[in-house]
Structures are given as structure tokens and as C-alpha cells.
Amino acid sequence: METPTPLKSGRLPEQVAFDRKELGIVLGLYGRMVAAGEWRDYGISHLREVAVFSIFRRTAEQPLYRVEKRPRLRHRQGMYSVIGMDGQILKRGHDLKTVLRVLERKLIRAVD
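So, here is what we can say about the structure in this document. Bear in mind that the values here come from a model prediction, so they are computed numbers and not experimental data. (Residues numbered from 1 in each chain as written. Predicted model: local features only at pLDDT ≥ 70, side-chain atom pairs only at ≥ 80, totals over all residues. Heavy atoms only, no water.)

A few words on the side chain of K69. Secondary-structure assignment places K69 in strand β3 (residues 65-69). According to the relative accessible area criterion, K69 is buried, its value standing at 11%. At 2.9 Å, the side chain of K69 and the backbone oxygen of A17 are in polar contact. A polar contact is formed between the side chain of K69 and the side chain of E22, at a distance of 3.0 Å. With residues near it in sequence (within four places) discarded, K69 still touches V16, A17, F18, D19, E22, E49, V50, A51, M79 and Y80. (Helix = DSSP H or I, 4+ residues; strand = E, 2+ residues; numbered from the N terminus. Buried < 20%, exposed > 50% of the residue type's maximum accessible area, 1.4 Å probe, protein only. Polar contact = N/O pair within 3.5 Å; in protein donor to acceptor, adjacent residues only side chain to side chain. Contact = heavy atoms within 4.5 Å.)

This is how it looks when you write it as C-alpha cells:
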């Protein structure tokens, strides 16, 4: 097994990731929306500056929504955001549960 080759700075780039609690919150909402028949697939990306949870209606299309975590914005407008299919930021904030409420509204339907 080879060891990773260090970069010029001598250290590997850091990676932003969702922790267990954050994933639990996002996957809880995802499970409820799958049960309601709204969503069908997801993807997770852990990049250098952002972690992204992408939500799809079907596997072979663009994501309906992206839940992003950008730690560099934690002292400004908040590190969590929900972004729509068109790239518009639907909600941004410091608390993940509060930010995800914009998606939970779609789960509420009138009962006849």
C-alpha cells in the first residue's frame, strides 16, 4: 500500500464533510420525502470547501435540491444552505434543522 504524496505545502488538503448528527437530520427528511413519493435518489459529495447532499427525483437528471455545508460562511450568513434546481438559494442559516424547513413545507398536503 502506498502512502499519499504530500502537496508542496507538506499536508493534504482538508475535506469538508457532514458529521453523523447532520447526516441524521438530512437523511430523516429524505426518508420522509421518499415515503411520500417525492424523492427517489441522493448523492453526497465531500469537497475541499463544501459538502453537498444532492436530492434527485430520478437518477438520471439534475438534482432538485442541494443541501450545502460551507464552513467558511459560518460567521457570516450561516454555513448551511438549500439551493434549488435553478441555482437559487432558497434558505441559508446557522442551524441545519431551520434551513431544511423550506423543504419540509413541500411534505405538508391538504387532507380531504
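Time to look at the pairing of strand β1 (residues 41-46). Two strands pair when backbone bridges link them, and β1 and strand β2 (residues 51-56) are joined in this way by six bridges, in the antiparallel orientation. In the sheet register, Y42 faces β2, and the bridge partner there is I55. Counted along the chain from β1 to the antiparallel partner β2, the turn is four residues long. (Pairing = 2+ DSSP bridges.)

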